[in-house]
Amino acid sequence: GQVQMDINFEKNFNEFDRSFKIFHELMPHRVKEILLVSTLYDACIIEDDCRLSERIIHEYRGLNLSQPPRVTWVASAEQALKLLDKTSFDMVITMPRLADTDALSLGRKIKEKVPDLPVNLLTRSYLIPNSDDALKKQKYIDRIFVWSGNTDIMLAQIKSIEDRMNVNHDTKIAGVRVILFIEDSYIYMSSLLPVLYRQLVVQTQAVMEEGLNEEHRLLAMRARPKILVAENFEDASILYEQFKPYLLGVISDVRYPRKGVIDEYAGIKFLSKIKDEIPDLPLLLTSSESINREHAVKLSASFIDKNSPSLHADMNRFFIERLGFSDFVFRGGDDKEVARASNLRELERILPTIPIESYVYHASRNDFSRWLFSRSEILLASMLRPSTVDDFEGDPEKMRDTLCTILRSRRKWRQKGVVVNFDVNEFDPDTDFLKIGKGSMGGKARGLVFLLTLLNSNPSFRKKFADVNIVVPKILVLTTEVFDTFIEANNLKNLSMTDDSDEKISVLFERSKFPKPIEEDLKTYLSQTNYPLAIRSSGLLEDSEFRAYAGLYRTYILPNDHLDLNKRLGHLIKAIKLVYASTYFQGPKAFAKRLGHRTEEEKMAVIIQQLVGEKYGNSFYPAISGVAQSLNYYPVRPMKLEDGVATIALGLGKTIAEGGKALRFCPKYPHLMPYQSTIQDILENSQRSFYALRMAQNRLRLSINEDSTLERRVLVDAAREMPVKMLTSSYIPEEHRIRDTVSVPENMVLTFINILKYSSFPLSEILNKTMILIRNGMGCPVEIEFSVNLRLRGDEEPEFALLQIRPMSSKEVFVDVEISDEEISNAFCFSQKTLGNSGKEDFTDIIYVKPDAFSVDHTPDIAKQIGVLNKKMVHSGRKYILIGPGRWGSADRWLGIPVSWADISGVGAIIETSVSELKAEPSQGSHFFHNITTIGINYITVSHPDKDFIDWEWLTSLNVSEESYYIAHAICKKPITLKVDGKRSVSVILAPE
């Protein structure tokens, strides 16, 4: 028993409904089209001025049911039969008297035409013509109902037919439960069946997990128990035998036909048989004669008087007390309440604490399985149902431990890949993906939902790396609805049209009031969250294929370790406000203007994400952060463009996002390092510092500066920390060589050799497989951000975490561009390392950094001067070519000129030249590169004098319209032409003749 329930649980749950797929398969047959046949008078009476369809739709919406059927009305049998010849219907409702025939005659003709089409008779009177002709009724009329003005009767008819159509299928594939209802009186049927269905739907929704989102709650409703109706002893017996393994309960009248005649005690005989065969099955005896209560007592069955003024309340009590639609109440030997659980998480928490005698009492009565069935937890309930203490060597403690284990496994697996609505009362900290609000989750969050869905729909992918935990870190999203509420409450909408500085806007947002209900939700969330958090933007267009907005909005990282919960809450809310504020910063505004997008249309969701890593002293960081792309725009043989490229760094990913020193390699060829081919290359280009989160910050002061909680650590200062030991090698000056082991901390070099050469962690293989999986899922080239936690302490599995995904430009969309040898000879600039594609683009303006004035010490000043000229160019509406040394857009001033997007928002093409003071390999992983790629800006690298060139003599001979100490703005009288062959990464810039 324990082996079956415990070891196989994960496999069974995968196959059953880990991603709610099973619910999509349930109830394949629905009543979608109803034909109503009646006189105009009857139709108007029943439809309340012909609004029956509206009332059905209203009823469905009120009960959160899906797919309300459509009602088509005709006035005569003749019209009905003609319509049936050309239209398919799922059921027919007819009235006793029609203009040209009666109901029985119509029923006969319909059955002759469509034998399996259900035909129900709906009457406004308790007296039905020809009602004594039972044979005709059974043959031509499936059910008779009395209309009393209550729309519930329509819902009951529809659901009853759907249940009969789907019961075989749903019990077979999912073990859906069945309630057997025996009643021969159409009068009491009309009274009781609507009550049963309403109670069933309402109670199922009431106990269904609040942790599910609305979509999955609607889907899970398909697994609600079916109600099967029988009108005589023989039909009831057939249904009982057929669905005995799936019975949740039986509701029976006392007196109904048996062997063709009314048997005064048919119901008692039937329930007695069931009691003998299934002693713990809940039974309900219904009767209009209260004397039959005594028979119910003898059968240990519940009893309801059909004439009771509290009929609905009595039926409600049966569902709650006997069928499991209530809290699970643990009782002791004296029948007193010991404990109570309202949901599965509480059951999991309480179960180990109750007296073992109480557990045995409930297990022996199958109370656990019944309670689970009522919550559509079919797999769990089915696994528990046949188990007894004997299956666990007679040890009830083993049985209880197993139940606790599978409850915990179920909770974790059920929530994987599901976006769960946050609920203060139902919050489960183990949930993978939570959201607050009903608005959009934004681009980044949409990508993460896709990742979760992709991983969970491809379980074989994780199995390939059984020793690595491949995850998407836990997430809480504040949707754009929260943003809208905040903006409107504080009258901040007009900021989209101002030219205020980033500093002024951030101060304004910090002083604004945050919605109190959301604040209370966040407080509950933080009370059970004890790990560092990344507070990230998720704008509507962020990470979209053609409007990436990569790195333009703010991200804040919080230690989340202050002893005072209110302090932590204050830090979180301030970080959210600052992310909101970045929506209206100058960089995003300039980018939006370039795209032709209105800033006022942008809305911001916020992602609160678990930070991957471990704590080392007062620092927290992952062993590896990285970016991988499925296209490599700068391949070196034998690499190809489609082989992809990855850039990795020690510590937080800020190093890569800002274009700092990091290691670039092709996952397909991890041993080849073309940009570190010599010892000198390795020493000059290897990472020497890294970003980490400072923990235990008593005075946390967040500001417009994202780095306020971070520290930049020198490699040698972390020499004793495990990730550094694992990822570094040693430089031996005497031998001028690098050894794969660390012997002298002062000479350590970050090479990642243990990962890339010795595969101590299968990073290259994971990246290759991941890129294939995601590219196939998205249908286009992709870029992912990831982190690796090596977990070098303890026995936990190493972790590969997917943090973000975005589409990238594809070579498939490149137009054919021919560049002739003659054009190369006549060009003033030629490069074999170019990003982008351009058939022909003309420019008259060139802004360049003066070669003789450049100084690496003053790159920030150069960036500011470029920003001043850029504003003038944007104002005049003219694009320009920007030329200068080093890695453009790098936040590391020693690698290039640290321009932001706002500094170059009017640029048309960028040329990176090389100087001896700045040596940096191309950084495709930075946010800067992603934005210029998606916006279509060509990036040209002139780095090899023997292969590429730029004619500085010609360039400096041009007339200069404006200049500063470091830069010059030249204007050509005739246009210069740029041509880029994106397939070969070759470009030329042709001077005018």
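All values derive from a computational prediction rather than experimental measurement.

**A short note on the packing of aromatic side chains**
And then number 1: Tallied over the entire structure, the rule returns 23 aromatic pairs.
And then number 2: Taking the centre distance of 4.8 Å and the plane angle of 0 degrees together, the rings of phenylalanine 328 and phenylalanine 368 count as stacked. Of this pair, phenylalanine 328 sits in strand E13 (residues 328-331) while phenylalanine 368 is found in helix H18 (residues 367-373), placing the two residues 40 residues apart along the sequence. Neither residue differs from the other here; phenylalanine 328 and phenylalanine 368 are each classed as buried.
And then number 3: On the basis of an interplanar angle of 55 degrees and a centroid distance of 4.9 Å, the ring pair of tyrosine 621 and phenylalanine 690 is categorised as tilted. Placement of the pair is tyrosine 621 in strand E23 (residues 619-621) and phenylalanine 690 in strand E27 (residues 689-694), with a sequence separation of 69 residues. With respect to burial, tyrosine 621 and phenylalanine 690 carry one shared label: buried.
And then number 4: An aromatic cluster is defined as three or more aromatic residues linked by ring pairs; in this entry it consists of Phe483, Phe486, Phe509, Phe514, Tyr580 and Tyr584.
And then number 5: In this structure, arginine 177 packs its charged tip against the face of phenylalanine 373, placed 3.6 Å from the ring centre.

**Some points on unusual backbone geometry**
And then number 1: One non-glycine residue with positive phi stands out, namely methionine 27, at about 50 degrees.
And then number 2: Locating methionine 27 in the fold gives a position in the loop between helix H3 (21-25) and strand E1 (33-37).
And then number 3: In this structure methionine 27 comes out as buried when scored by relative accessible area, which is 5%.
And then number 4: Even without glycine at this site, lysine 259 takes up a positive phi of about 60 degrees.
And then number 5: Along the chain, lysine 259 falls in the loop between strand E9 (256-258) and strand E10 (261-263).
And then number 6: Judged by relative accessible area, lysine 259 falls into the exposed class, the value being 69%.

**Here we look at the packing of helix H21 (residues 442-456) against helix H32 (residues 763-778)**
And then number 1: Relative to each other, H21 and H32 sit at 110 degrees, their axes nearing to 11 Å. One element, H21, and the other, H32, form an angle in the roughly perpendicular class. In this structure, H21 crosses over H32, and the sense of that crossing is right-handed. Taken together, the residues of H32 that come into contact with H21 (itself represented by Phe450, Leu451, Leu454 and Leu455) are Leu773, Ile774, Gly777 and Met778.
And then number 2: Per-class residue counts for the contact of H21 with H32 are seven nonpolar, one polar and no charged.

**Focus on the sheet that holds strand E29 (residues 728-732)**
And then number 1: Taken in spatial order, the three strands of this open sheet run E30-E29-E31, and their pairing is antiparallel. At either margin of the open sheet sits one strand with a lone partner, and together these are strand E30 (737-739) and strand E31 (748-750). Between one strand axis and the next, the sheet turns by 40 degrees as a mean value, whatever way the strands run.
And then number 2: Inspection of the sheet shows E29 paired to E31 by three bridges, in the antiparallel sense. Along E31, the bridge assignment pairs serine 730 with methionine 748.

Conventions adopted
- Residues numbered from 1 in each chain as written.
- Predicted model: local features only at pLDDT ≥ 70, side-chain atom pairs only at ≥ 80, totals over all residues.
- Heavy atoms only, no water.
- Phe/Tyr/Trp six-rings, centres within 6.5 Å; stacked < 30°, edge-to-face > 60°.
- Helix = DSSP H or I, 4+ residues; strand = E, 2+ residues; numbered from the N terminus.
- Buried < 20%, exposed > 50% of the residue type's maximum accessible area, 1.4 Å probe, protein only.
- Lys NZ or Arg CZ within 6 Å of the ring centre and 35° of its normal.
- Axes fitted to C-alpha atoms, helices over the stretch in contact; angles between N-to-C directions.
- Parallel < 35°, antiparallel > 145°, perpendicular 65-115°, else oblique.
- Left-handed = near helix turned anticlockwise from the far one by under 90°.
- Contact = heavy atoms within 4.5 Å.
- Nonpolar A, V, L, I, M, F, W, Y, C, P; charged D, E, K, R; others polar.
- Pairing = 2+ DSSP bridges.

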